[in-house]
Amino acid sequence: MSDKSDNTVDVLMVGTGEYTTGFVGGMAADSDKGAGVVALTMFDLRRRGKVNRVGMCGVNGKKFPGIRAHMQKNIGDVYSGMDLTCDTFPSDDKVDPSAYVGASGTFKRGDVAVIFTPDDTHFDIALKCIQQGMHVMVTKPIVQTLEHHEILVKAAAEHNVLVCVEVHKRLDPFYADARDRARSTLGDFQYLYGYMSQPKHQLETFKAWAGKSSDISYYLNSHHVDFSEWTLAGIARPVRITGTASTGVASSRGLDPKCEDSITLTVQWENMKTRSLGCAVYTSSWVAPKSDVHSQQRFFYMGTKGEINVDQAHRGCTVAVDGASFASVNPLFMKYTPTNGKFSGQGSYGVRSFELFIDACRACNAGTAKPNDFDDGSLATVHTTLQGTAILEAGRLSLDQDGRPMDIIYETDMSLEPSGIAPHQF
């Protein structure tokens, strides 16, 4: 797979925003990710001998001096032993929306691309990196349409590379346990309500694309939609989606008039063995008030034999500090507090999500594993996440047609992979 003599990988991070660097609007993000996640993790993986060269690609190279200073302050000055050396694209004096083309060309087959960019750019960037022979991880949603998802599936198989969606909730021990309980003891799927929100100031963070090229459902509903697809894999399939929305706040703040404040998707699921039906309601919002958490996240799941509630936002740990708001914190996601001067968040599921992918890529490069080995649910591969894309696209289509239900099409009564989406015929 690779011409590397050692078992490290080189990593290109595409996207320079909040999740990658924690740098937003010329300063640290006003969220629970001020030091970022992706870059911090890659620098730590280099410190631990799993990653070698690190690159970062954005659109506006003029941001890089500020990003470097930010990373030095929030990573280099906080954790000892961190090498922040990073090749950046485009150059500091250029603005180039296609910089990823040249950047990926400086990496080799078997190297890794991690893509955290606006939703509508995922497809072009991912496809280019796949064609370059790189393993690829893309933030959720991997793409916005079933058609684009199917193209990536074929490209990944053709180039024999590992392509995954970054869905760290699968590694949250609360969610993972709920998934296993649902599959083993709770019976057929009956009902799920999932809610996820972020505060109003995030509209400023995402104003460049919010309501224009993507929406809050693609951004946040994707979490609990993926939880359902993962939990019900092989057990049930989505068959009908209806989208509804709330409006008024985003438009009053100068965003696109079409930008929804909150979106609810109602999804009919069909249990494969009994042909009984279940219903899932996914609601996401980016107009919540600022509270004790950056993101409210919770769900209720009911099967024919039991139920389970998970409140991801409140883990029983609260922090109060002079000069800062009272906070419910979740170090299970990211542990930023150093131990003896070193980064010690390796057990956090925000870090593990990337490390497991990097380990899988290294195994593929070494010949000890094949990309399709990870279609068993251990990773959210491009081959096993088609239902989620179909749900999110159908939700958008429903909203665009004034709430008309959309049916997900399958080739046979037993198929689990969607083949299309069509308006429901009454």
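Overview of the structure.

## Description of the layout of surface pockets
It is a probe the size of a water molecule, rolled over the atoms, that shows where empty space is left.
Phase 1 of the analysis: Taken as a whole, the second largest pocket encloses approximately 270 Å³ of empty space.
Phase 2 of the analysis: Residue lining of the second largest pocket: 18 residues in total, with E229, A233, G234, T384 and T385 positioned closest to the centre.
Phase 3 of the analysis: When contributions to the lining of the second largest pocket are tallied by element, the ones reaching two or more residues are α9 (216–231) and α12 (386–400).
Phase 4 of the analysis: Per-class residue counts for the lining of the second largest pocket are six nonpolar, six polar and six charged.

## Quick notes on the packing of aromatic side chains
Phase 1 of the analysis: All chains considered together, the criterion is met by 17 aromatic pairs.
Phase 2 of the analysis: Note on Y19 and F116: the rings are 4.9 Å apart at their centroids and 5° apart in plane angle, and the pair reads as stacked. Note that Y19 is positioned in helix α1 (residues 18–21) and F116 in the loop between β6 (112–115) and α5 (122–131), a separation of 97 residues in sequence. Taken as a pair, Y19 and F116 share a single burial class, namely buried.
Phase 3 of the analysis: Ring geometry for F227 and F299: centres 4.6 Å apart, planes at 35°, overall tilted. With F227 in helix α9 and F299 in strand β13 (residues 296–303), this residue pair connects regions lying 72 residues apart in the sequence. Both residues of the pair, F227 and F299, count as buried.

## Section: the sheet that holds strand β18 (residues 420–423)
Phase 1 of the analysis: Pairing in this open sheet of eight strands is mixed, and the strands run β14-β13-β9-β12-β11-β10-β17-β18 from one edge to the other. In the strand order of this sheet, the two ends are held by β14 (306–311) and β18, each with one partner. Each strand of the sheet is rotated relative to its neighbour by a mean of 15°, with strand direction disregarded.
Phase 2 of the analysis: Alignment of strand β9 (residues 189–199) against β13, held across eight bridges, turns out to be antiparallel. Its bridge partner being in β13, S197 is matched across the sheet by Q296.
Phase 3 of the analysis: Across the sheet, α12 is in contact with β10 (236–246), β11 (262–271), β17 (406–409) and β18; its angle to β10 comes to roughly 35°.

## Some remarks on the packing of helix α7 (residues 173–184) against α9
Phase 1 of the analysis: At a closest axis distance of 10 Å, the pairing of α7 and α9 adopts a crossing angle of 40°. The orientation of α7 relative to α9 falls into the category oblique. Crossing handedness for the pair α7 and α9: right-handed. The segment α7 lies against α9, with Y175, A176, A178, R179, A182 and R183 engaging H224, F227, W230 and T231.
Phase 2 of the analysis: Tallied by class, the residues present in the contact of α7 with α9 amount to six nonpolar, two polar and two charged.

## Digging into the pairing of β6
Phase 1 of the analysis: Burial along β6 is two-sided: V112 and V114 and A113 and I115, pointing in opposite directions, are all buried.
Phase 2 of the analysis: Strand direction decides the pairing type here: strand β1 (residues 9–14) and β6, joined by four bridges, are parallel. Across the sheet, the residue bridging to L12 is A113, located in β6.
Phase 3 of the analysis: With four bridges joining them, β6 and strand β7 (residues 135–139) adopt parallel strand pairing. Residue A113 lies in a different strand from β7, and its bridge partner there is V136.
Phase 4 of the analysis: Between β6 and its parallel partner β7, the chain crosses via α5, and the hand of that crossover is right-handed.

## Side note on unusual backbone geometry
Phase 1 of the analysis: The linkage connecting F89 with the following residue, P90, adopts the cis geometry, with an omega of -5°.
Phase 2 of the analysis: Tracing the sequence through the fold places P90 in the loop between β5 (87–89) and α4 (99–104).
Phase 3 of the analysis: At the junction of K140 and P141, the peptide bond is cis and its omega measures out at -10° in the coordinates.
Phase 4 of the analysis: Looking at where P141 falls in the secondary structure, it is placed in the loop between β7 and α6 (146–159).
Phase 5 of the analysis: Positive phi outside glycine occurs at R275, with the angle close to 65°.
Phase 6 of the analysis: Residue position: R275 is located in the loop between β11 and β12 (277–288).
Phase 7 of the analysis: On the accessibility criterion, R275 (31% relative accessible area) is partly exposed.

Quick notes on the rules
- Residues numbered from 1 in each chain as written.
- Predicted model: local features only at pLDDT ≥ 70, side-chain atom pairs only at ≥ 80, totals over all residues.
- Heavy atoms only, no water.
- 1 Å grid on protein atoms, 1.4 Å probe; cavity = no way out; pocket = protein on both sides within 12 Å on 5 of 7 lines; lining within 4 Å.
- Points joined across faces, edges and corners; volume = space filled by probe spheres on them.
- Helix = DSSP H or I, 4+ residues; strand = E, 2+ residues; numbered from the N terminus.
- Nonpolar A, V, L, I, M, F, W, Y, C, P; charged D, E, K, R; others polar.
- Phe/Tyr/Trp six-rings, centres within 6.5 Å; stacked < 30°, edge-to-face > 60°.
- Buried < 20%, exposed > 50% of the residue type's maximum accessible area, 1.4 Å probe, protein only.
- Pairing = 2+ DSSP bridges.
- Axes fitted to C-alpha atoms, helices over the stretch in contact; angles between N-to-C directions.
- Contact = heavy atoms within 4.5 Å.
- Parallel < 35°, antiparallel > 145°, perpendicular 65-115°, else oblique.
- Left-handed = near helix turned anticlockwise from the far one by under 90°.
- Right-handed = clockwise from strand over helix to strand, strands pointing away.

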